[in-house]
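# Tertiary structure, described
Each chain is listed here by its residues.
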Amino acid sequence: MYFNSKFQTFGIAFLIVCTIICPFQTQQLQALSQPDLEFDTGVAFKHLKKYDQLAPLLPGSENSQDFLAYAKKTLENSLWNVEIQSWAHSGPSITLNNLIAKKSNQNDNSKGIIVLGAHYDARAWADKDPDRTKRKDPVPGINDGGSGVVVLLELARTVSIPEGYEVWIVLFDAEDQGGISGWKGGQSGWIIGSTYFVKSLSDSDKNRMKLAVILDIVGDYNLNLHKESSSDSQQTNKIWDLANELGYGENFLDQTGSSIIDDHRPFINAGIPAVDIIQQRSKDGYDFFKWHHTTNDTIENVDRESLSKVGRTMEYYLEKLELDPMSSNLILSILIVSGVIVLFGTLVFVFRKKLFKKRYN
């Protein structure tokens, strides 16, 4: 009889634990499914207006320097440590500049690095312009360049640095000059700034880099994002799944697109996982978007909501990194399952004892 009471007590105790834990876990899951995100589309668009005022941001130009100063001040106001990485490029002979901003979780000593990047330069030639007389004119670059940059500037204000990580925001120079006479380096004149950045990394920093996420051409109306095929598939799927949770499944398509020459490539070549979030084809059938590499890549052709969807998705992704997927949820699940098993075993033991007594009494 003492043995029976002991098991009943143990089972009841676990039942109480389960009763307490289950609502807690339900609340936790509800909190994750309805994230409290702070990304402000209005602030992002304010940054885009500044980019537009200075456009085009051609490599080596005064306008480019002015925008870097604006970006640097914006990031420092959100307590990022900012440096300008400058170097002499030889094809053409010009000084190029990357902006590197760093922020870490103050409570953590051992950090992996996550890079968030975008190119801020505009293409010098609008060589796809429908007006052939404008094909040697510069591209304003408000979507192809500016959109990714302003999402990162607003994300810098809102995001909490995930525990165990250091986040770097990098604005790359000279991504978009490939195929233009006189431009060499990078990959056939493309991705020059990101190539220089990755090559300049110390072995220590390179070993600590866990992921690079590049944002490029993310401001089109009816945003249409395929999964870039050379990107890290695991992290790409995570980002796309989170976008779907936020209700952006019609914009983040569960389809694999092409392999693109973009600023994620130098990271992949160096063995660093990378994801490229880039519109490869618009919903109306254009490569990249209707005004790609034309003089009509203007602020009127950028959608605020597209900026918001990408910014909120990235904020959500970084917040999710704060959760250890094998810690609290696993422990809670083990406790619940164990409690149910013990309770079930106790009930079986009690009923068997009663049946035994009835049979032999």
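In short, a report on the structure. For clarity, every value in this text was computed on a predicted model and none was experimentally measured.

### Quick word on the overall build of the chain
Scanning the chain from terminus to terminus reveals 10 helices and 8 strands. If you take every contact in the chain between residues at least 6 apart in sequence, the share linking residues at least 24 apart comes to 78%. With an accessible surface of roughly 17,400 Å², the chain has 52% of that area assigned to carbon and sulfur atoms.

### Quick look at the environment of I272
Mapping I272 onto the fold places it in the loop between α8 (265-269) and β8 (274-278). In the structure, I272 is positioned 65 residues away from N207 in sequence and 8.4 Å away in space, judged by C-alpha atoms. Look past the residues within four positions of I272 in its chain and what remains in contact with it is L201, K206, M209, L211 and F267.

### Section: the packing of aromatic side chains
Tallied over the entire structure, the rule returns 8 aromatic pairs. Judged by centre distance (5.8 Å) and plane angle (65 degrees), the rings of F172 and F197 are edge-to-face. Of the two residues, F172 sits in strand β4 (residues 165-172) while F197 sits in helix α5 (residues 192-199), which places them 25 residues apart along the sequence. Here F172 falls in the buried class, since its relative accessible area comes to 0%. Linked through ring pairs, W168, F172, F197 and F267 together constitute an aromatic cluster. Positioned above the aromatic ring of W168 is the side chain of K102, whose terminal nitrogen or guanidinium carbon lies 4.1 Å from the ring centre. Between K136 and the ring centre of W125, over which it is positioned, the NZ or CZ distance is 4.5 Å.

### A few points about the pairing of strand β2 (residues 93-104)
Pairing of strand β1 (residues 81-90) with β2 involves 10 bridges; the strand directions are antiparallel. Bridge assignment links N81 to a residue of β2, and that residue is K102. Between β1 and β2, which pair antiparallel and follow one another directly, the connecting turn spans 2 residues. Summarising the sheet, β2 and β4 pair through 6 bridges and their orientation is antiparallel. In the strand pairing of β4, L99 is matched with L171.

### Thoughts on the packing of helix α2 (residues 41-54) against helix α3 (residues 62-77)
Contact geometry of α2 with α3 gives a least axis separation of 9 Å together with a crossing angle of 160 degrees. In terms of orientation, α2 lies roughly antiparallel with respect to α3. The interaxial crossing formed by α2 with α3 has right-handed handedness. Contact with α2, carried on its side by K46, H47, K50, Y51 and L54, involves N63, D66, F67, Y70 and T74 of α3 and no other residues of that element. Grouping the constituent residues of the contact of α2 with α3 by class yields 4 nonpolar, 3 polar and 3 charged.

### Let's talk about the nonpolar core
Counting 59 residues, the largest nonpolar core has W80, L116 and I277 as the members making the most contacts within it. When residues of this core are assigned to their parent elements, the largest contribution, 8 residues, is made by helix α4 (residues 142-158). With near-sequence residues (within four places) excluded, W80 lies in contact with L75, A101, K102, K103, A156, V159, I161, V167 and I169. Ranked by size, the runner-up nonpolar core spans 15 residues in total, among them I113, F172, L201 and F267.

### Examining the pairing of strand β7 (residues 252-256)
One ladder, built from 2 bridges, connects strand β6 (residues 225-227) with β7; its direction is parallel. Bridge pairing links L225 to F252 in β7. Each parallel crossover has a hand, and for β6 linked through helix α7 (residues 233-245) to β7 it is right-handed.

### Points about α2
Residues that lie three or four places apart on an α-helix share one face, since the helix turns once every 3.6 residues. Taking 1.5 Å per residue as the helical rise, α2 with its 14 residues ought to reach 20 Å, and the 20 Å between its terminal C-alpha atoms agrees with that figure. Those residues of α2 that sit buried are T41, A44, F45, H47, L48, Y51 and L54. Buried positions along α2 lie against α3, α4 and α9 (304-320). Two or three places before G42, at the opening of α2, D40 has a side-chain oxygen 2.8 Å from that residue's backbone nitrogen.

Parameters at a glance
Residues numbered from 1 in each chain as written. Predicted model: local features only at pLDDT ≥ 70, side-chain atom pairs only at ≥ 80, totals over all residues. Heavy atoms only, no water. Helix = DSSP H or I, 4+ residues; strand = E, 2+ residues; numbered from the N terminus. Contact = heavy atoms within 4.5 Å. Areas by Shrake-Rupley, 256 points an atom, 1.4 Å probe, with all protein chains shown as cover. Phe/Tyr/Trp six-rings, centres within 6.5 Å; stacked < 30°, edge-to-face > 60°. Buried < 20%, exposed > 50% of the residue type's maximum accessible area, 1.4 Å probe, protein only. Lys NZ or Arg CZ within 6 Å of the ring centre and 35° of its normal. Pairing = 2+ DSSP bridges. Axes fitted to C-alpha atoms, helices over the stretch in contact; angles between N-to-C directions. Parallel < 35°, antiparallel > 145°, perpendicular 65-115°, else oblique. Left-handed = near helix turned anticlockwise from the far one by under 90°. Nonpolar A, V, L, I, M, F, W, Y, C, P; charged D, E, K, R; others polar. Core = buried A, V, L, I, M, F, W, Y, C linked by side-chain atoms within 4.5 Å. Right-handed = clockwise from strand over helix to strand, strands pointing away. Expected span 1.5 Å × (residues − 1). Polar contact = N/O pair within 3.5 Å; in protein donor to acceptor, adjacent residues only side chain to side chain.

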